[in-house]
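# Structural features, examined
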Amino acid sequence: MRGVPLKYAADFRPWARRSTVPYGTARWLVGRTAAILALQNAGVLVDTRGLGCGSFGCAYPVEGRPGLIVKITGDSSEAAATNAVIAAAGRGAKFPALVRFHCVYAVKETKVFAILQERLRPLPRADRAWINTHGDDVVEAAAARGRSAAEWAKRIGGSLRREDVEGLIVTLRALWDQAGVRFADLHGGNVLVDPRSGSWKI
């Protein structure tokens, strides 16, 4: 992971200690701000209005690059897994239903990472409900090697979602085998739609 030279993080640390919000929250706010400033120093202009936040991070559009987002996260395991995927792809591994990652920045003097990746859109409501119900079945099918991905996809996804489910199973198996990355679950928050092809991606 590439470290981004950063002179701002140390300036924010005293504020984090004096702040009236919990220290962990203050540290995250400091790290996130430092990451945005570091990215801007590196020429990646982040639209700070944001797209939304999850348990460990927030996503932001990249100005002038409508097909990209920056995910700023405090989850070091996510950053390490992303780095492993990028390395595996560099060796020729194929992940057909995985978001395309461009790079991971480790922001110096913080425990925050910035992931530059392809921008996807949320699943339609009916598909989101389906993956929330059947996501565990897809993960279990990927782990079970007695049947092909196509056979499992037909069994789980039926005629309506067979191709998308097959893509997820093939990708989960490739992640495990070629990048050492294991997905514990699939749900409507981590399965999205490629706006160009309409196919599902993790």
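Here goes a summary of the coordinates provided. (Residues numbered from 1 in each chain as written. Predicted model: local features only at pLDDT ≥ 70, side-chain atom pairs only at ≥ 80, totals over all residues. Heavy atoms only, no water.)

## A look at the sheet that holds strand β9 (residues 200–201)
Overall, antiparallel pairing links the 3 strands, which are arranged β7-β8-β9 in an open sheet. Here the strands that pair on one side only, and so sit at the sheet edges, are β7 (121–122) and β9. Across 2 bridges, the pairing between strand β8 (residues 192–193) and β9 is antiparallel. Each residue of the ladder has a partner; that of L192, found in β9, is K201. (Pairing = 2+ DSSP bridges. Helix = DSSP H or I, 4+ residues; strand = E, 2+ residues; numbered from the N terminus.)

## A look at the state of the cysteines
Applying the stated rule across the entire model yields 1 disulfide. Sulfur-sulfur distance for the disulfide between C53 and C58 comes to 2.0 Å. Measuring handedness by torsion sign, the sulfur bridge of C53 and C58 sits at about 100° and is right-handed. For C58, a relative accessible area of 4% gives the class buried. (Disulfide = S-S within 2.5 Å. Buried < 20%, exposed > 50% of the residue type's maximum accessible area, 1.4 Å probe, protein only.)

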